[in-house]
Amino acid sequence: MIPLVLAGGVALLACAPYLAVPGLGVLPDTVGSIGSLQVLGTAYVIAALAITYDLLMGYTGLVSFGHGMFFALGSYGFVMLLAFTSAGFWTAAAVAVGITVVAAVIVNAVALRASLIAYSMVTLAAAQLMAIAIGQNYLGSGGVDGVTIPFEKLPAGLVGIVNTKHVYWLALGLLVLTFVLARWLTTTRIGHVWRAIRENELRAEVMGFTTYTYKLVVALIASTLAGVAGVVYAILLGAADPGETSLSFSIGLVIMLILGGRGRVWGALLGAVVYTLLQQRLPAITSSAGVAALPDAIRIPLAQPQLLLGVVFILFVLFLPGGLAGVVEKAIRAVRRGGSGPPGDAAADGEFAAAVRVPASAEPTR
Amino acid sequence: MSNVILMIFTGLSVGAVYFLLGSGLALIFGLMRVLTFAHGAYLTACAYAGWFILRHSSLAAGPSIGTLLLALLVGVVVGGALAFLTERVLLRALYQRDHLDQLLVTAGLGFSLVALLNGIWGPDSRAVPTPPWFTRTTTDIFGAHIARGDFVLIGVAVLLLIALEAFLKHTRHGLVVRAGVENREMVRALGIDVRRSFTLIFTVGGAVAGLGGVLAALYANAVNTTIGDTYLLYAFIVLVVGGLGSLRGAAIAALAVGLLQQFANFYVNPGLGEILSFILMGAMLLLRPEGVGGKKIRLI
């Protein structure tokens, strides 16, 4: 049932470039327009990134403040290889992801030696190193301007406004791939160990799991996928953007998870899409004539998506730690309990069941 | 030679602002185990508050001493008030929960506060009028021209260090704070309401950050909404290198980071100073998690 619904949803989204449905203000124009595809594509890539971050923070409890760094490494590696070397499209993409993997091994192997808050601080420091290097234009990384892709080196199908739908499909493909991979990983044995670490690392350790290795694996998977997402983002944007390395970008990822619901793949997806759409569209909506007439005290908060997101984020931490996904799941459960749905269905909803039970006890002792 | 002297003073002044923010963070983390991201935003907000007071004086003549003191006072009050409200309204509700939630709330608050300032005054830098004696009058020390502002910043940081040390050593509140840093559970078991110390220390941290914000705005002659983030990152370095709950450690770390930054940037490569500072922080976390302050409590 659920896979069918998901496949249907993906098929529908894949048709978006041909849909002339009005965007209702959420999107800049009709759904199939160039502007809307661009906004949706951005939301998909950011959602894929948020899912990789959920593996780290939501599932394993590793709060990194430098996840944006690996995304940026993918972007910058790819764009700079294209711009400054003779590497072709596929070589540049592969080498960029390779660079991300190497950096991820180094940073995480070191940072995971420290625990919890210290891990956050080490990842923060690592991301800042990259932000400074880019800010200072080391290796031609362009300072605040970023680096633009030399478009002649991209495959013809990805260049130009007419081909926006191809880039859109690329972004959608990335999201589907990341989603499926993350769903699968979190239901495997290794995924259960990740959750055990989140709930109680000492207990997982005592049960005989080398938690360091499991943490390193999840960090590597998340960072590598983030690097791939970075490459797609660079194609979508036509450039590598220095904002990706900033502290507020990485805090943005945290906000997405809290908004959507951490420890759930589709929660991360939901949070990221809501976040990105708000951030991209709120300024445009609030600069319209109707809002401009409002007094300052109302207009200023409305025109600042960050402010709205920050306040909503605080309220969610205080009152809705499960995020939007938690609310939806509670509603579904209430409906099922009230209605006459087959009881077996609830167990099939593995995502939810896994999120509520204490995973350490679910793991067979040996 | 004059270059070296100049850089020592510049490094010390920058380090002074790092200390103003970092000392608060060190006490807060030491006592409450809360890593706060909000204090960077307090610093920015107070820099704007200071600018708001100062902007009415002319750029050429600069504000009078009275206005300057008023701006500093407003910075302290605004910073303290913001921190007080944060602790009472947001953090109190979360002491029963994970430390992560407390960190997240302060991060969200910082994020929102900076967005609010962006909404009101925009992302562009605003010029801050400073008295001519602050930036333009210099004193010669071994041939180097040192601006008076440098002495003010360094002086304020030293006075603050002395005042905070005296407060911790000679008052009853300070005694509770020191005891709380050592062993919070024991203090609570003795029937002392340690949450009152939390409020106090969080507020003091905010007030000191506010003072730092106004001074940083004066020193740079400008404010914008990103200064808090930048200083916060260096305050984290000061916190980690100095050790939690250790004021002297924070002072040494702030001094070291300020000087390291100036010298590496000038003699080797712009940006290297910042890079070395973050490498220093990473190395400290991994090799000596208790910091130079020397207390054997791990930064877990």
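In the nomenclature of an unreviewed UniProt entry, chain B corresponds to Branched-chain amino acid ABC transporter permease from the organism Planotetraspora silvatica. Entered under Sequence similarities (unreviewed entry) in the UniProt record, the comment concerning chain B runs "Belongs to the binding-protein-dependent transport system permease family. LivHM subfamily."

(A) Highlighting the packing of helix α4 (residues 89-111) of chain A against helix α5 (residues 117-135) of chain A. Residue and element names in this part refer to chain A. Between α4 and α5, whose axes approach to 9 Å, the crossing angle comes to 150 degrees. Viewed along their axes, α4 and α5 adopt a mutual orientation that is roughly antiparallel. In the packing of α4 onto α5, the handedness of the crossing is right-handed. Listed contacts from α5 to Val107, Asn108 and Ala111 of α4 are Tyr119, Val122, Thr123 and Ala126. Its residues assigned to classes, the contact of α4 with α5 shows five nonpolar, two polar and no charged.

(B) Local environment of the packing of aromatic side chains. Applying the stated criterion across every chain, the model contains 20 aromatic pairs over all chains. Between Phe71 of chain A and Tyr233 of chain A the ring centres are 5.1 Å apart and the planes differ by 40 degrees, which places this aromatic pair in the tilted class. One end of the pair, Phe71 of chain A, is in helix α3 (residues 67-84); the other, Tyr233 of chain A, is in helix α9 (residues 211-237), with 162 residues separating them in the sequence. By the burial criterion, Phe71 of chain A is buried, and Tyr233 of chain A matches it. Taken together, the ring pairs in this structure connect Tyr18, Tyr231, Tyr234 and Phe278 of chain B into an aromatic cluster. Its guanidinium or amino end placed over the ring of Trp51 of chain B, Arg55 of chain B lies 4.9 Å from that ring's centre, counting from NZ or CZ.

(C) Quick peek at the side chain of Asn163 of chain A. For Asn163 of chain A, the location among the structural elements is in the loop between β1 (147-148) and α6 (164-187). Ignoring any residue separated from it by four or fewer positions in sequence, one finds Asn163 of chain A in contact with Ala156, Gly157 and Leu158 of chain A.

(D) Region of the structure containing the pairing of strand β3 (residues 144-147) of chain B. Residues and elements named next belong to chain B. With four bridges joining them, strand β2 (residues 138-141) and β3 adopt antiparallel strand pairing. When the bridges of β3 are listed, Ile141 appears paired with Ala144. Counting the residues in the hairpin turn of β2 and β3 gives two residues, including Phe142, whose phi is positive at 50 degrees.

(E) Inspection of the confidence of the model for chain A at higher detail. Residues and elements named next belong to chain A. Model confidence for chain A is summarised by a mean pLDDT of 84, while 89% of its residues fall at 70 or above. No element of chain A has a lower mean pLDDT than helix α18 (residues 359-362), which averages 40, and none a higher one than α9, which averages 95. Taken as a whole, residues 341-366 scores under 50 in pLDDT and shows 36 contacts with residues more than four places along the chain or in a different chain.

(F) Main features of a nonpolar patch on the surface. Judged by side-chain polarity, Val101, Val102, Val105, Ile106 and Val110 of chain A together with Leu286 and Leu287 of chain B come together as a nonpolar surface patch covering roughly 570 Å² of accessible area. Those elements giving two or more residues to the nonpolar patch turn out to be α4 of chain A together with α12 (272-287) of chain B. Counting residues per element, the nonpolar patch draws most heavily on α4 of chain A, at five residues. Relative to the helices and strands, Ile106 of chain A is located in helix α4. What makes Ile106 of chain A exposed here is its relative accessible area of 53%.

(G) A look at the side chain of Gln102 of chain B. Residue and element names in this part refer to chain B. With respect to the element layout, Gln102 can be found in helix α4 (residues 99-121). Overall, Gln102 belongs to the buried group, its relative accessible area being 1%. Ignoring anything within four residues of it in the chain, the contact list for Gln102 reads Val34, Leu91, Leu94, Tyr95 and Arg97.

(H) Here's a closer look at unusual backbone geometry. Of note in the backbone geometry, Asn137 of chain A takes a positive phi value of approximately 65 degrees without being a glycine. For Asn137 of chain A, the location among the structural elements is in the loop between α5 and β1. On the basis of relative accessibility, which here comes to 41%, the residue Asn137 of chain A falls in the partly exposed class. Positive phi is not limited to glycine here, since Asn221 of chain B has a value of about 60 degrees. The topology assignment puts Asn221 of chain B in the loop between α9 (194-220) and β4 (222-223).

Definitions and limits used
Residues numbered from 1 in each chain as written. Chains lettered and ligands numbered in written order. Predicted model: local features only at pLDDT ≥ 70, side-chain atom pairs only at ≥ 80, totals over all residues. Heavy atoms only, no water. UniProt positions renumbered as here; feature names shortened; annotations may be inferred. Axes fitted to C-alpha atoms, helices over the stretch in contact; angles between N-to-C directions. Helix = DSSP H or I, 4+ residues; strand = E, 2+ residues; numbered from the N terminus. Parallel < 35°, antiparallel > 145°, perpendicular 65-115°, else oblique. Left-handed = near helix turned anticlockwise from the far one by under 90°. Contact = heavy atoms within 4.5 Å. Nonpolar A, V, L, I, M, F, W, Y, C, P; charged D, E, K, R; others polar. Phe/Tyr/Trp six-rings, centres within 6.5 Å; stacked < 30°, edge-to-face > 60°. Buried < 20%, exposed > 50% of the residue type's maximum accessible area, 1.4 Å probe, protein only. Lys NZ or Arg CZ within 6 Å of the ring centre and 35° of its normal. Pairing = 2+ DSSP bridges. pLDDT = per-residue confidence, 0-100. Patch = residues over 30% accessible without salt bridge, like charges linked within 9 Å, V, L, I, M, F, W, Y side chains within 5 Å. Areas by Shrake-Rupley, 256 points an atom, 1.4 Å probe, with all protein chains shown as cover. Salt bridge = Lys/Arg side-chain N within 4 Å of Asp/Glu carboxyl O.

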